[in-house]
Amino acid sequence: MQGVCYYIGRFSPPTSQHLETALYLTRRENINEVIIILGKDEPNEIDQDDKYDIWRMLLSSGFATNINIERSKDASSSMHLYNKLSKYPNTEAFIAMDEKSARNKSFINYFDKFKNIQIELIPSQYETSSKNMMKAVANDDLDTLKRFIPDTFSDDDIDSLIQILKPDAEAPDESSEQLKERVIQSFGKDFWKMSLAI
């Protein structure tokens, strides 16, 4: 199988670990391109424009020629991907998602209808890296913050990153269960009726 890899997630915020995953995916022989999908503005999360700006900063810090970013108008990146693949159900593609989500049947079942999709598992601890990065920004802990950004970031890059994240650093976190429930609800009743009929 050869194709595009859609990298979905919360990315709230994206960290150097997310970047390393995207770069790893580009080195896979069977992946032509990585498309990072950003969900639209969601409660208790960094807004989509800020995520986009941080991803642009991360991507410019490394050699990332075949990584692109797609902004979703849907509630979540997974909903956006589902709608996109529904238009072209025979597309061969990969989906990079964290192992915790991939093990959750109610979260992953809606991709079962796509026969040419392969799931690429990535470590679940990236949610923790995002939370720790936000905590470092909130506490003005520059040493900890540097653990979550590329070594190539200049002082100006770090200052820009802090300016982006500072307003959101003290926002309450959404639990994994709240996220799961919000994503399930974002599909709407008609989707679940259709799924049950299949």
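Scope of this entry: the structure provided in the associated data block. (Residues numbered from 1 in each chain as written. Predicted model: local features only at pLDDT ≥ 70, side-chain atom pairs only at ≥ 80, totals over all residues. Heavy atoms only, no water.)

### Examining the overall build of the protein chain
In terms of regular secondary structure, the protein chain is built from 10 helices and 5 strands. Each of the 198 residues in the protein chain was classed as buried or not, and the buried ones make up 47%. Of the contacts made within the protein chain by residues no fewer than 6 positions apart, 78% connect residues no fewer than 24 positions apart. Per element, the accessible surface of the protein chain, about 10,500 Å² overall, is 47% carbon and sulfur. (Helix = DSSP H or I, 4+ residues; strand = E, 2+ residues; numbered from the N terminus. Buried < 20%, exposed > 50% of the residue type's maximum accessible area, 1.4 Å probe, protein only. Contact = heavy atoms within 4.5 Å. Areas by Shrake-Rupley, 256 points an atom, 1.4 Å probe, with all protein chains shown as cover.)

### Concerning the sheet that holds strand E5 (residues 117-122)
Pairing is parallel in the open sheet, where 5 strands are placed in the order E3-E2-E1-E4-E5. Only two strands of the sheet have a single neighbouring strand rather than two, namely strand E3 (67-71) and E5. With strand direction ignored, the average angle separating the axes of adjacent strands in the sheet is 25°. In this structure, strand E2 (residues 31-38) lies alongside E3, joined through 5 bridges in parallel fashion. Paired with Ile 37 across the strands is Glu 70, a residue of E3. Contacting strand E1 (3-8), E2 and E3, helix H2 (residues 48-60) runs over the sheet at an angle of about 175° to E3. (Pairing = 2+ DSSP bridges. Axes fitted to C-alpha atoms, helices over the stretch in contact; angles between N-to-C directions.)

### Regarding the pairing of strand E4 (residues 93-98)
Extensive coverage of E4 is indicated by the burial of 5 of its 6 residues. Two elements, E1 and E4, share 4 bridges in a ladder whose sense is parallel. Bridging from a neighbouring strand, Cys 5 pairs with Phe 94 of E4. Sheet topology note: the E4/E5 ladder contains 6 bridges and is parallel. Looking at the pairing, Ala 96 lines up with Glu 120 of E5.

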